[in-house]
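Summary of the model geometry
Chain residues, written in single-letter form:
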Amino acid sequence: MILALFAVLALGTPGVQTASGTSSERALLSPHMYRGQVLTWFATISDIPTEWGRSKGFRPSSRSILLACSVTGDTQRGYAVSRRVRSFLVEQPHTPVLEHPAIIVKGTQAFKADGTPLNTDPICLFYSPEMYGDPPAKIEVGTTWRYRRPLSFGFLGGLQVVTGVTKLDVQKNLVTLHIATNYGGSATLIDMTIAAGGLIETEVDRSDSFWRSRAFPNTIDHPTEITSWAIQHRTLAGLWAYPPSDPVPFNLQNPPDIFNPNGRFISVWRLPIGSGITLVRIWHFGPFALENILAIWPNHRDVFLTRDVLLILGSVLLVLLLGRAVMMALQMRSAQTVASPPLKRRLMALQVVLALLAAVSLLWWIYS
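As the structure is a prediction and not an experimental result, all values here were calculated from the model. (Residues numbered from 1 in each chain as written. Predicted model: local features only at pLDDT ≥ 70, side-chain atom pairs only at ≥ 80, totals over all residues. Heavy atoms only, no water.)

Side note on the overall build of the chain
Per the secondary structure count, the chain includes 7 helices and 17 strands. Burial status across the chain gives 38% buried among its 368 residues. Within the chain, residue pairs in contact and separated by at least 24 positions form 52% of the contacts whose partners lie at least 6 positions apart. Split by element, the accessible area of the chain, about 21,500 Å² in all, is 64% carbon and sulfur. (Helix = DSSP H or I, 4+ residues; strand = E, 2+ residues; numbered from the N terminus. Buried < 20%, exposed > 50% of the residue type's maximum accessible area, 1.4 Å probe, protein only. Contact = heavy atoms within 4.5 Å. Areas by Shrake-Rupley, 256 points an atom, 1.4 Å probe, with all protein chains shown as cover.)

As for the packing of aromatic side chains
Evaluated as defined, the whole model comprises 1 aromatic pair. Measuring from centroid to centroid gives 6.0 Å for Y127 and Y132, while their planes differ by 40°, and the two rings are tilted. Among the residues examined, Y132 registers a relative accessible area of 8% and is labelled buried. (Phe/Tyr/Trp six-rings, centres within 6.5 Å; stacked < 30°, edge-to-face > 60°.)

Remarks on the nonpolar core
Formed by 47 residues in total, the largest nonpolar core has its most connected members in L28 and L177. The residues contacting L177, other than those within four sequence positions of it, are L28, Y127, W145, T163, G164, V165, T166, I190, D191, M192 and I194. (Core = buried A, V, L, I, M, F, W, Y, C linked by side-chain atoms within 4.5 Å.)

Quick word on the pairing of strand β9 (residues 160-169)
Where burial is concerned, most of β9 is hidden: 7 out of the 10 residues are buried. Bridging between strand β8 (residues 144-148) and β9 involves 5 bridges; their strand directions are antiparallel. Bridge assignment links R146 to a residue of β9, and that residue is V162. In the sheet, β9 pairs with strand β10 (residues 174-182) via 9 bridges, with the strands oriented antiparallel. Bridge pairing in β10 links V162 to A180. If you look at the hairpin formed by β9 and β10, you'll find 4 residues sitting between the two strands, and N173 has a positive phi there, around 55°. (Pairing = 2+ DSSP bridges.)

Observations concerning the side chain of S70
Following the sequence through the fold, S70 ends up in strand β3 (residues 61-75). With near-sequence residues (within four places) excluded, S70 lies in contact with Q37, V38, A80, V81 and S82.

Overview of the sheet that holds β3
One key point about sheets: their strands pair by backbone hydrogen bonds, in either a parallel or an antiparallel sense. Overall, antiparallel pairing links the 11 strands, which are arranged β6-β5-β4-β3-β2-β13-β12-β11-β10-β9-β8 in an open sheet. Each of the sheet's edge strands pairs with one partner strand only, and the pair in question is β6 (109-111) and β8. Each strand axis lies, on average, 20° off the axis of its neighbour in the sheet, ignoring direction. Where β10 lies against strand β11 (residues 187-195), 8 bridges are found, and the strand directions are antiparallel. Counted as the bridge partner of L177 is M192 from β11. (Axes fitted to C-alpha atoms, helices over the stretch in contact; angles between N-to-C directions.)

Topic: the confidence of the model for the chain
Across the chain, the average pLDDT comes to 75, with 68% of residues at 70 or higher. Here residues 1-19 is a poorly scored stretch, pLDDT under 50, and it has 19 contacts once near neighbours within four places are set aside; other chains count. Every residue in residues 255-266 scores below 50 in pLDDT, and together they form 32 contacts with partners more than four places removed in sequence or on other chains. (pLDDT = per-residue confidence, 0-100.)

Section: unusual backbone geometry
At N173, a position not held by glycine, the phi torsion is positive, near 55°. Considering the arrangement of structural elements, one finds N173 in the loop between β9 and β10. Phi angles above zero are rare outside glycine, and A196 is one such case at about 55°. Within the secondary structure, A196 is located in the loop between β11 and β12 (199-208).

Side note on the pairing of β3
As judged from the 10 bridges shared by strand β2 (residues 38-47) and β3, these two strands associate in the antiparallel manner. The residue of β3 that forms the bridge with S46 is S62. Looking at chain direction, β3 and strand β4 (residues 78-88) are connected through 11 bridges and run antiparallel. For V71, the partnering residue across the bridge sits in β4 and is V81. Linking two consecutive strands that pair antiparallel, namely β3 and β4, is a turn of 2 residues.

Details of the pattern of salt bridges
Enumeration over the complete set of coordinates arrives at 3 salt bridges. One salt bridge in this structure joins R63 and D47, with 2.6 Å as the shortest N-O distance. One end of the pair, R63, is in strand β3; the other, D47, is in strand β2, with 16 residues separating them in the sequence. Judged by relative accessible area, which is 23%, D47 ranks as partly exposed. A salt bridge links E225 to R63; its shortest N-O distance comes to 3.8 Å. Taken together, the positions of E225 in strand β13 (residues 225-232) and R63 in strand β3 put the pair 162 residues apart, joining distant regions of the chain. For E225, a relative accessible area of 26% corresponds to the partly exposed category. What emerges from the salt-bridge pattern is a single network uniting D47, R63 and E225. (Salt bridge = Lys/Arg side-chain N within 4 Å of Asp/Glu carboxyl O.)

Some thoughts on the environment of A43
Position of A43 among the secondary structure elements: in strand β2. Given a relative accessible area of 0%, A43 falls into the buried group. Taking the C-alpha atoms as reference points, A43 and I65, separated by 22 residues in sequence, lie 5.1 Å from one another. In this view, A43 contacts R63, S64, I65, T227, S228 and W229; residues no more than four positions away in its chain are not counted.

Put into structure tokens, the structure is as follows:
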């Protein structure tokens, strides 16, 4: 109650109604869309080095992202929405357009084309209950809700979120949300303005990659990254049509890091040993289900890319050796000192099948 009164005094704008509140269904969960509509957002992302980073020679840098969500159909299942993303980097100013699979949007619930829940960042900027939680049926200034993404969520699964309403214009159907997250060693504050029943008009994200507290941040005084989104009332067709420029060669000894639109951080290292071997480390920030010190470390997996088949052959050999060791252990446990020829053939065939499965699985894992 005190928070709501404070917000009213702070706003002091005629026509802004906050005391009566409004339904979250009207303000957040019913985005106004129609077939043929193209929703375009533009973002600027600024990386700000810490004081230690500046002492090591790092300088602020920025990049931009162009995002378009086109409503291509309207069915009983919801709106069919295609998604395009284009990044603009300092070294690569004219990058290709990245097409994401189309999704179905019903209200603010996102589904894959086959009708199964999307269960990850929808990319399109409308309020997402899967990312920020289901709001109460009625909201007003000062209303807050807490949410924890499922561990199986594709973008920062397990992330805890606190969302609060800071401004509300019932007549214009405008809502401003203040969202705080803390995911173990890093925290983010998000201020977004939502219009048209669920479409994000503006969004500013301030992140601190060296957050030392387990509490949710009230302010972030020294952000290491600031992202500013704004919906565009024109398609920016010129930027979409701009041809890619000739790529600027990267330093092979220090390849760049990539932050892809799905939220996974990918770092590329060239190993000093071997011929043509590159280590691609894919970091998954979450889930952080365990309340212990291990929660501050992101999970990761390593993928080796090589110009020859040594890695595949090595995995096959490893499976054969492990299979042989397991079979010997089983024989010793069952007191079988000598196996019959048919049993040996069956065991060898089993090891070969497992080795082939390992090679195929490794190839699929790398290329997927």
